[in-house]
Amino acid sequence: MHPPGADTVLLRHGDVNTKSNTVKRYMEEILVENLEALLADRSIPGDVEQRWNRPLIHTTEASVAEATAAATDAFGIVSASPALVVSTEKDRILEALVETARERYTGGTFAIDARRADKTLPYDSEDLAREGGTAIWKAVEDEFHPEVDLDDPDITFGVEVREEFAFVYLEHVPGPGGLPLGAQEPVIALVSGGIDSPVAAYEMMKRGCPIVPAYVDLGAYGGIDHEARAMETVRKLSRYAPNFDMQVYKIPGGETVDLLVSEMEQGRMLSLRRFFYRAAETLAERVNANGIVTGEAVGQKSSQTVRNLGVTSRAARLPIHRPLLTLDKQDIVARAREIGTYTDSTINAGCNRVAPDRVETNARLEPLLNAEPEDLLERAEEAARNAELVEP
Ligand SMILES: Nc1ncnc2c1ncn2[C@@H]1O[C@H](COP(=O)(O)OP(=O)(O)OP(=O)(O)O)[C@@H](O)[C@H]1O
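Computed from a predicted model, the values in this text were never measured in an experiment. (Residues numbered from 1 in each chain as written. Predicted model: local features only at pLDDT ≥ 70, side-chain atom pairs only at ≥ 80, totals over all residues. Heavy atoms only, no water.)

Remarks on the site of the ligand
- Inspection of the region around the ligand gives 21 residues, with Leu190, Ser192, Asp196, Ser197 and Arg273 positioned closest.
- Here an oxygen atom of the ligand sits 2.5 Å away from a polar atom, N or O, in the side chain of aspartate 196.
- At a separation of 2.7 Å, an oxygen atom of the ligand approaches a polar backbone atom of serine 197.
- In isolation the ligand has 580 Å² of accessible area, and contact with the protein removes 94% of it. (Near = heavy atom within 4 Å. Polar contact = N/O pair within 3.5 Å; in protein donor to acceptor, adjacent residues only side chain to side chain. Areas by Shrake-Rupley, 256 points an atom, 1.4 Å probe, with all protein chains shown as cover.)

Describing the UniProt feature "binding site: ATP" (unreviewed entry) in the protein
- When the UniProt feature table is mapped onto this chain, "binding site: ATP" (unreviewed entry) is found at Leu190, Val191, Arg273, Gly295 and Gln304.
- Note on placement: valine 191 falls in the loop between β10 (187–190) and α5 (196–206).
- For valine 191, a relative accessible area of 5% translates into the label buried.
- In contact with valine 191, other than residues within four places in its own chain, are Ser197, Pro213, Ala214, Tyr215, Ala230 and Val234.
- The topology assignment puts glycine 295 in the loop between β13 (292–293) and α9 (306–312).
- Owing to a relative accessible area of 12%, glycine 295 belongs among the buried residues under this scheme.
- The residues contacting glycine 295, other than those within four sequence positions of it, are Asp196, Ser197, Ala200 and Leu324. (UniProt positions renumbered as here; feature names shortened; annotations may be inferred. Helix = DSSP H or I, 4+ residues; strand = E, 2+ residues; numbered from the N terminus. Buried < 20%, exposed > 50% of the residue type's maximum accessible area, 1.4 Å probe, protein only. Contact = heavy atoms within 4.5 Å.)

Overview of the UniProt feature "domain: THUMP" (unreviewed entry) in the protein
- Under the UniProt annotation, "domain: THUMP" (unreviewed entry) lies at residues 65–172.
- Along residues 65–172 one finds 35% helix and 29% strand; the C-alpha atoms at either end are 12 Å apart.

Looking at the sheet that holds strand β12 (residues 248–252)
- Strand order in the open sheet formed by 6 strands is β14-β13-β10-β11-β12-β15, with mixed pairing between adjacent strands. Here the strands that pair on one side only, and so sit at the sheet edges, are β14 (320–321) and β15 (388–390). (Pairing = 2+ DSSP bridges.)

With respect to the domain arrangement of the protein
- The domains assigned to the protein are domain 1 (8–174) and domain 2 (187–390).
- For domain 1 versus domain 2, the separation of C-alpha centres amounts to 42 Å.
- Between domain 1 and domain 2, the residue contacts involve 9 residues of the former and 9 residues of the latter.
- Contact with domain 2 buries surface across domain 1, with Arg42, Asp73 and Phe75 losing the most and accounting together for 54% of the total.
- Linking domain 1 to domain 2 there are 1 salt bridge.
- Residues aspartate 15 and arginine 207 are paired through a salt bridge, measuring 3.0 Å at the closest nitrogen-oxygen approach. (Domains from an automatic or database assignment. Buried area = accessible area lost by both parts, 1.4 Å probe. Salt bridge = Lys/Arg side-chain N within 4 Å of Asp/Glu carboxyl O.)

Structural notes on the nonpolar core
- Core analysis: the largest hydrophobic core is formed by 39 residues, its most contacted members being Ile188, Leu190, Ile251, Phe275, Phe276 and Tyr277.
- Of all the secondary-structure elements, those providing two or more residues to this core are β10, β11 (211–217), β12, α7 (254–263), α8 (268–287), α9, α12 (365–371) and α13 (376–385).
- Here the element with the most residues in this core is α8; it accounts for 10 residues.
- If near-sequence neighbours (up to four positions away) are discounted, phenylalanine 275 is found in contact with Val216, Pro252, Gly253, Thr256, Leu376, Arg379, Ala380 and Ala383.
- Counting residues in each nonpolar core, the second largest holds 30 residues, with Ile211, Tyr215, Tyr240 and Val333 among its members. (Core = buried A, V, L, I, M, F, W, Y, C linked by side-chain atoms within 4.5 Å.)

This is the structure in structure tokens:
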């Protein structure tokens, strides 16, 4: 809900504010580019203005809700408020509060949340809260029984007074927080189309890392549905990053999977992980990426016991980032729903089909190396060199 006449979106960032001025300016520039790309991608009219601490989107009242929704998909944005912009004169602000209350207040408790960045003005935020509260009260008391509740109001009238303008708004729509996408170096995201890996990729994007998606084609153990699902999740992630290339590297792994299934029993899932990591590392060298991200979480699967993660991780020298490491499955599912990558049907394909009846939970490196094909890692390197780029 926004005040009548609201045609501006007031944006707040969080971690960007903790940076030195030079870094902050750099990150704000990236943020503005990303916001512009999100608006353009969704055909929402609007100009983004880079402002110290509070970027703004100037749009139309008809598009202000859509612009707010797009802005709260931008990594780095903590919250956004569709706002009416008025001059910093106190009377003009009170008038805007009254107009907003007349149009939007429908009874119940209310509060005013007033902030003033410009300390040279002849009034302070307490004056605004007190006089604004009285003005709203008078404007609606004939029709309703207004009541002030500062702790848990039904409606909050926000006022933020900055150097040149004051903003009046009714909501703080939460954004993802984090850092603007592109503020960090890219990482290879191993995506399987399951529930976990898209969430893990999203979490790295949230910290500013562009992702280079990589899907390992498991041959007969994967199949067209498996691949289609992986591509679908990348498409969903790309909605958050319209100005970043999200083509998928498809790494051929079918022959190696067949070999692992025919030659190994207990440790085969671990050797398959080693194949993934080494292939991802080789791809990282090829595309100048600086890490690998997976959707693994401690103990979620037998290949994800701490011992097994320790053993399999030795296949790569690059760091393997596991942003879901300590999350419970239900939290990951909730996150997947929030970001739109959740899929509720399961297909019997991918790693589940490769898993042997008796799984290894307590691997040791030496016996695993002795059991797996001698050229496993060379195969992974070659597969990564042969990876083809496909449109998700
Ligand atoms: N075919 C694949 N291509 C690329 N990466 C994969 C593939 N299969 C698995 N991975 C990566 O390995 C991780 C562990 O896979 P696994 O199937 O054991 O676990 P998971 O927790 O069920 O993951 P997901 O839900 O993402 O499939 C995945 O999160 C993903 O990062």
